[in-house]
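Architecture and fold: a report
In case you want the letters, here they are:
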Amino acid sequence: AINDKKFFIGLFPLPPVNEQKRITNKIEETFKQIALLEQELKRREQHKRQLNKNLLYYFTQSKNIVEFNKDLSLILDNFNTLYDNLDNVKELRHSILSLAVQGKLVPQNLNDEPASELLKKIQAEKERLIKEKKIKKEKPLPPIKDEEIPYELPEGWEWVRLNDLSLVMTDGEHINPPAADQGIPIISAKNIGEKDLKFDDLGYVSEDYAQKFWKKCNPENGDILVVSRGGGVGRTIIANCTQRYCLMGSVLLFKLSKEINNSYLYYYLISEEGQLKLTTSSGATAQPAIYITHLKRNYILTLPPINEQERIVAKVDQLMHLCDELEASITHAQKDRELLMQAVLQEVFGGN
C-alpha cells in the first residue's frame, strides 16, 4: 500500500520546464520507435513460423526422393534461422513423427518379412491365448474399406485396425471403490504424465478390491495407456513400470502382441495423425472422450514390417533426443539474453 503522508512529502527531481518538454518529446519519440521495432519483430517471427510450416508440409508430402531431398536441403540450409524458438522445434517433432508413420523416415528393405505375415502371427497368438482362456474371443471386425485409407503405403506395409495389434483393449474401473489409507495405488487421468506415470496425489484400494480390478484390467510393464476423459484426452504413455497399480475408467489400456514394437505404436498414437484419430474416433460429444468400442471399429493405422518398426523407433529416438538438445540450447540462449538485458538495465539505471 502507498503511505499518503510519505508519498506527498517525498522528493523527486524537477527539471526546467523547457527540459521537461524535451524529455517528454524524447520519450514519446523513443516509445514510437520501440513500438515499430516490436511490430517488425512480430512480423518477422510470424513470417519465419509460416515459412517453417510450409517447408515441413512440403517435406512430409513429398511424392518422390527428388522432392524429398530438395525440401530437406531447404530446411538444412536455413536450419539456424528456422529453429531458434521452441514453437518451431515442436513443429519439427510433429514432422518427424509424420514421416515415420508414413514410411518416409527410414529406407525400406525388400527382404523384410511383410506386415501381412506379421498379422498372421498376431492372429495365431490370439487364438492360442483364447484356447488357454487368457483372453476372450471377439466378433471379427469388417475389412478396411478403400474410402477409409487416406494414402498409399510403402511395399510391405499394411493398414490395420488398432484391435488387430492388441491382445487386450479395455479401460479401468468406472465405479469408485472404497478408499484405503494404504494398499494398491489407483491411477487415473491426472496420474498420466507427458512421458510416464506420476505416483503422486494417489488414492489406494485394498488388495481384495485390487484383485477385482485386475480381472477386467490388469496393467503390466510395457502396456500403453491413453487418457480417455477429463484433462488431456489423448495423452499417451508407455507404462514402463513394474509396480502394481489399478486403473480407473478415465484411462484406456492397450496390451499389445509380443510381435509388435510398442514404441512404434506409441509414436503413431502421439503423432498428429494418431492424435486426431484418437480424439475423433468417438464422434462429437458434449465432453471430449474416447470409447473403446469406437476405437476398435474406427481407428486404423499403418503397420510396417517388424524390422522396419525397429529401424523407425531407433531413428525417431535419435531425432527426438536431438530435438531435446535443440530446445535446451534455445532455452539457455534465452536465459543468456535475459541476463544480458538485466545487466544492461542495471548498468544504465542501477546506480551512480
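Please read these numbers as outputs of a predicted model, since none were measured by experiment. Every chain is numbered on its own, with residues counted from 1 as its sequence reads. Whole-chain, interface and lining totals are the exception, using all residues; otherwise, since this is a predicted model, local features are given only for residues with pLDDT of at least 70 and side-chain atom pairs are given and counted only at 80 or more. Here the side-chain values reflect all heavy atoms present in the structure, with hydrogen atoms and water set aside.

Quick notes on the packing of helix α9 (residues 262–270) against helix α10 (residues 272–280)
It is at 4 Å that the axes of α9 and α10 come closest, and there the two elements cross at 70°. When the axis of α9 is compared with that of α10, the two are roughly perpendicular. Residues Tyr268, Leu269 and Ile270 of α9 form the contact with α10, whose participating residues are Glu272, Glu273, Gly274, Gln275, Lys277 and Leu278. In this classification, Asp, Glu, Lys and Arg are treated as charged, Ala, Val, Leu, Ile, Met, Phe, Trp, Tyr, Cys and Pro as nonpolar, and every other residue, Gly included, as polar. Considering only residue class, the contact of α9 with α10 consists of 4 nonpolar, 2 polar and 3 charged. Structural elements are reduced to axes, namely lines fitted to C-alpha atoms, with helices fitted over the stretch in contact, and the angle between N-to-C directions of any two is expressed from 0 to 180 degrees. Numbering of helices and strands runs from the N terminus; a helix is a DSSP stretch of H or I covering at least four residues, while a strand is a stretch of E covering at least two. By the definition adopted for this analysis, an angle is roughly parallel if under 35 degrees, roughly antiparallel if over 145, roughly perpendicular if from 65 to 115, and oblique otherwise. Every residue pair with non-hydrogen atoms within 4.5 Å of one another is taken to be in contact.

Here's the deal with the side chain of Ser228
On the secondary structure map, Ser228 appears in the loop between β5 (224–227) and β6 (236–238). Here a polar contact means two N or O atoms within 3.5 Å. Within protein one must be a hydrogen donor candidate and the other an acceptor candidate, and residues neighboring in sequence count only if both atoms are side-chain atoms. In terms of polar contacts, Ser228 uses its side chain to reach the backbone carbonyl oxygen of Gly249, at 3.3 Å.

Brief notes about the nonpolar core
Here, nonpolar core means buried Ala, Val, Leu, Ile, Met, Phe, Trp, Tyr and Cys residues that are tied together by side-chain atoms lying within 4.5 Å of each other. Between buried and exposed lies partly exposed: a residue is buried under 20% and exposed over 50% of the maximum accessible area for its type, with that area taken using a 1.4 Å probe on protein chains only. Membership of the largest hydrophobic core comes to 52 residues, with the highest contact counts inside it found for Tyr83, Ile224, Phe254, Leu295, Tyr299, Leu301 and Val316. In this structure Tyr83 touches Asn52, Leu56, Ile75, Asn88, Val89, Leu92, Leu326 and Ile330, once residues within four positions along its chain are discounted.

Describing the pairing of strand β9 (residues 300–303)
The side-chain alternation of β9 yields two buried faces, one formed by Ile300 and Thr302 and the other by Leu301 and Leu303. Criterion used throughout: strands pair if DSSP finds at least two bridges between them. Sheet analysis places strand β1 (residues 158–161) next to β9, joined by 4 bridges and oriented antiparallel. What sits directly across from Val160, in β9, is Leu301.

Section: the sheet that holds strand β3 (residues 184–187)
Pairing is mixed across the open sheet formed by 3 strands, whose spatial order is β4-β3-β7. Where the open sheet ends on each side, the last strands, each with one partner, are β4 (203–205) and β7 (246–247). Sheet analysis places β3 next to β7, joined by 2 bridges and oriented parallel. Along β7, the bridge assignment pairs Ile186 with Cys246.

Some details on the environment of Asn240
Position of Asn240 among the secondary structure elements: in the loop between β6 and β7. Measuring from C-alpha to C-alpha, the distance between Asn240 and Ile224 comes to 9.0 Å, with 16 residues separating the pair along the chain.

Here's the deal with the sheet that holds β6
Sheet strands associate in pairs through backbone hydrogen bonding, adopting either a parallel or an antiparallel arrangement. Taken together, 4 strands build an open sheet; the order of strands is β2-β8-β5-β6 and the sheet is antiparallel. With one partner strand each, in any of the chains shown, β2 (166–171) and β6 form the two edges of the open sheet. Going across the sheet, the axis of each strand differs from the next one's by a mean of 15°, ignoring polarity. Bridge analysis of β5 against β6 gives 3 bridges, and the strand direction is antiparallel. The partner of Ile224 across the bridge, within β6, is Ile238.

Overview of the pairing of strand β8 (residues 251–256)
Burial analysis of β8 places 6 of its 6 residues in the buried class, the great majority of the element. With 5 bridges connecting them, β2 and β8 associate as antiparallel partners. Bridge pairing links Ser166 to Leu256 in β8. Bridge count for β5 against β8 is 4 bridges, and the pairing is antiparallel. Within β8, the position partnered with Val227 by the bridge is Val251.

Description of the layout of surface pockets
In this analysis a 1.4 Å probe is tested at points of a 1 Å grid over the protein atoms alone, and where it fits but cannot get out there is a cavity; an open set with protein on both sides within 12 Å along at least five of seven lines is a pocket; lining residues have an atom within 4 Å of a point. Grid points are joined across faces, edges and corners, and a volume is the space filled by probe spheres set on the points. Approximately 1200 Å³ is the volume attributed to the largest pocket. Residue lining of the largest pocket: 38 residues in total, with Ile135, Lys136, Glu138, Leu167 and Val168 positioned closest to the centre. Looking at the lining of the largest pocket, the elements that each hand over two or more residues are α6 (115–131), α7 (162–165), β2, α8 (207–216) and β8. Among the elements that take part in the lining of the largest pocket, α6 stands out by supplying 8 residues, more than any other.

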